[in-house]
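Residue strings, one per chain:
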Amino acid sequence: MLASSACITTLHVTTPGTVAVDAAAPPFTLPAQDGHAIALADELAHGPMVALVFYRGYW
Amino acid sequence: MTVVAISKDTPEDSRVFAAADHLPFVLLTDADGAVSRTYSGVTSDSNTLPGIVLVRHDGRIAFRQVATAKDDRMSTAELFATIDRTLGTHGPAADHAGYVALDRVQLRFDLGGGALLASDGPHARGATGSRGTGIGMLGMHVPLARYLMIGARADIDRDEVLAVDALATLRAPLWRGAGALELSGGPGYGIEHGTQATGGVGLWFAWAPTWSLQLSATAIVRDPGTELVFTLGIASLIRAPWR
């Protein structure tokens, strides 16, 4: 009963993320909205910290 | 401090979004979901799982919070406080990840019933042997650590007008911290029967960051006999001001 009820309000996670606190952030390069490729390493060079905000998209 | 937003939206969609809401940060396209899969996770409908990951200047991950429920989003104030702590000036470094329910104070209300197993003590009311009983409990539990809570609980049952118990609860988190298997016990005192001891096992499940359900089996040992009760309860989860 409790396990099935979890599906009502929780997002159904098929693949949980694998990174952990204190581990090295895996490098990546992705295209930005203006078409330029942005690398995590470049952003890290700019300031004390980078906040990666993962979201479900604009709708 | 740089903010980077990542989703599966195409650069064209992101351009519309950024322009419409005047977003001052960059929106990245994770078309195949590879980065999302690594950092936050992916839902069954192949969408990015909402989450925030803070990466320090040295490339190490300082903080990670992923939403496992629709209302499990950090408030802006919580995020700023976390950033503040992570950058190193106020309080301990933020190191916890995952579900916040486990860190919250619980105000629990439980109802149930069971049996009084032996009633042949000096305070027994007439009949000996086991008979049915009902119980209501109201308790406050404060998490000291991920695996330990302490609390106080008031019990009212068929054989005791009012008893108060002190409780220590050991818990093993389940379901990425949204639930726990619990083992609790402690001494108590009842108005009618004096000292008592309680012990129990339970399954706790946070339906949302703000409320939970719990199912427990509890034994109450007191002078007229041992009571074994099964209870189902609901709890309000309150953010502790010191956390």
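1. Thoughts on the overall build of chain B
Part 1 of the reasoning: From N to C terminus, chain B includes three helices and 13 strands.
Part 2 of the reasoning: Counting over 243 residues, chain B shows a buried share of 37%.
Part 3 of the reasoning: Taking as baseline every contact in chain B between residues at least 6 positions apart, the subset at least 24 positions apart corresponds to 45%.

2. Details of the pairing of strand β2 (residues 26–29) of chain B
Residues and elements named next belong to chain B.
Part 1 of the reasoning: Inspection of the sheet shows strand β1 (residues 2–7) paired to β2 by four bridges, in the parallel sense. Within β2, the position partnered with Val4 by the bridge is Val26.
Part 2 of the reasoning: Chirality of the crossover, the property in question, places the unit of β1, helix α1 (residues 11–20) and β2 among those that are right-handed.

3. Considerations on the environment of Phe25 of chain B
Residues and elements named next belong to chain B.
Part 1 of the reasoning: For Phe25, the position within the fold is in the loop between α1 and β2.
Part 2 of the reasoning: Residue Phe25 is classed as partly exposed on the basis of its 13 C-beta neighbours within 10 Å.
Part 3 of the reasoning: A C-alpha to C-alpha distance of 6.2 Å links Phe25 and Val4, two positions 21 residues apart in sequence.
Part 4 of the reasoning: What Phe25 contacts, discounting residues up to four positions off in sequence, is Val3, Val4 and Ala5.

4. Topic: the interface of chain A and chain B
Part 1 of the reasoning: Facing the 43 residues of chain A at the interface are 62 residues of chain B.
Part 2 of the reasoning: Mapped by element, the contributors of at least two residues to the side of chain A that touches chain B are α1 (2–9), β1 (13–16), β2 (29–31), α2 (40–46) and β4 (49–54) of chain A.
Part 3 of the reasoning: Broken down by class, the residue content of the side of chain A that touches chain B amounts to 28 nonpolar, twelve polar and three charged.
Part 4 of the reasoning: One ladder, built from five bridges, connects β4 of chain A with β1 of chain B; its direction is parallel. Residue pairing for β1 of chain B: Phe54 of chain A is matched across the bridge by Ile6 of chain B.

5. Describing the sheet that holds strand β7 (residues 131–145) of chain B
In sheet architecture, strand pairing relies on hydrogen bonds along the backbone and comes in two forms, parallel and antiparallel.
Residue and element names in this part refer to chain B.
Part 1 of the reasoning: Spatially, eight strands are ordered β6-β7-β8-β9-β10-β11-β12-β13 in a closed barrel, and the strand pairing comes out antiparallel. When strand polarity is set aside, the average angle formed by the axes of neighbouring strands in this sheet is 25°.
Part 2 of the reasoning: Sheet topology places strand β11 (residues 194–208) next to strand β12 (residues 211–222); eleven bridges connect them, and they run antiparallel. Pairing of Leu203 across the sheet is with Leu215, part of β12.

6. So, the sheet that holds β1 of chain B
Part 1 of the reasoning: Judged by pairing direction, the sheet is mixed, and its five strands sit side by side in the order β2(B)-β1(B)-β4(A)-β4(B)-β5(B) without closing on themselves. For this open sheet the edge positions go to β2 and β5 (61–66) of chain B, each flanked by a neighbour on one side alone. Averaged over all pairs of adjacent strands, the angle between their axes in this sheet comes to 20°, without regard to strand direction.
Part 2 of the reasoning: Judged from the six bridges that link them, β4 of chain A and strand β4 (residues 51–56) of chain B form a sheet pairing that is antiparallel. Considered in β4 of chain B, the bridge of Leu52 of chain A is made with Val53 of chain B.

7. Observations concerning the pairing of strand β9 (residues 160–174) of chain B
Residues and elements named next belong to chain B.
Part 1 of the reasoning: Looking at chain direction, strand β8 (residues 148–157) and β9 are connected through nine bridges and run antiparallel. Bridged to Met149 within β9 is Thr169.
Part 2 of the reasoning: Hairpin connection, β8 to β9: the antiparallel pair is bridged by two residues.
Part 3 of the reasoning: In this structure, β9 lies alongside strand β10 (residues 179–190), joined through ten bridges in antiparallel fashion. Each bridged residue has a counterpart across the sheet, and for Leu174 the counterpart in β10 is Gly179.

Criteria and cut-off values
- Residues numbered from 1 in each chain as written.
- Chains lettered and ligands numbered in written order.
- Predicted model: local features only at pLDDT ≥ 70, side-chain atom pairs only at ≥ 80, totals over all residues.
- Helix = DSSP H or I, 4+ residues; strand = E, 2+ residues; numbered from the N terminus.
- Buried ≥ 20, exposed ≤ 12 C-beta atoms within 10 Å, placed from the backbone.
- Contact = placed C-beta atoms within 7 Å.
- Pairing = 2+ DSSP bridges.
- Right-handed = clockwise from strand over helix to strand, strands pointing away.
- Nonpolar A, V, L, I, M, F, W, Y, C, P; charged D, E, K, R; others polar.
- Axes fitted to C-alpha atoms, helices over the stretch in contact; angles between N-to-C directions.

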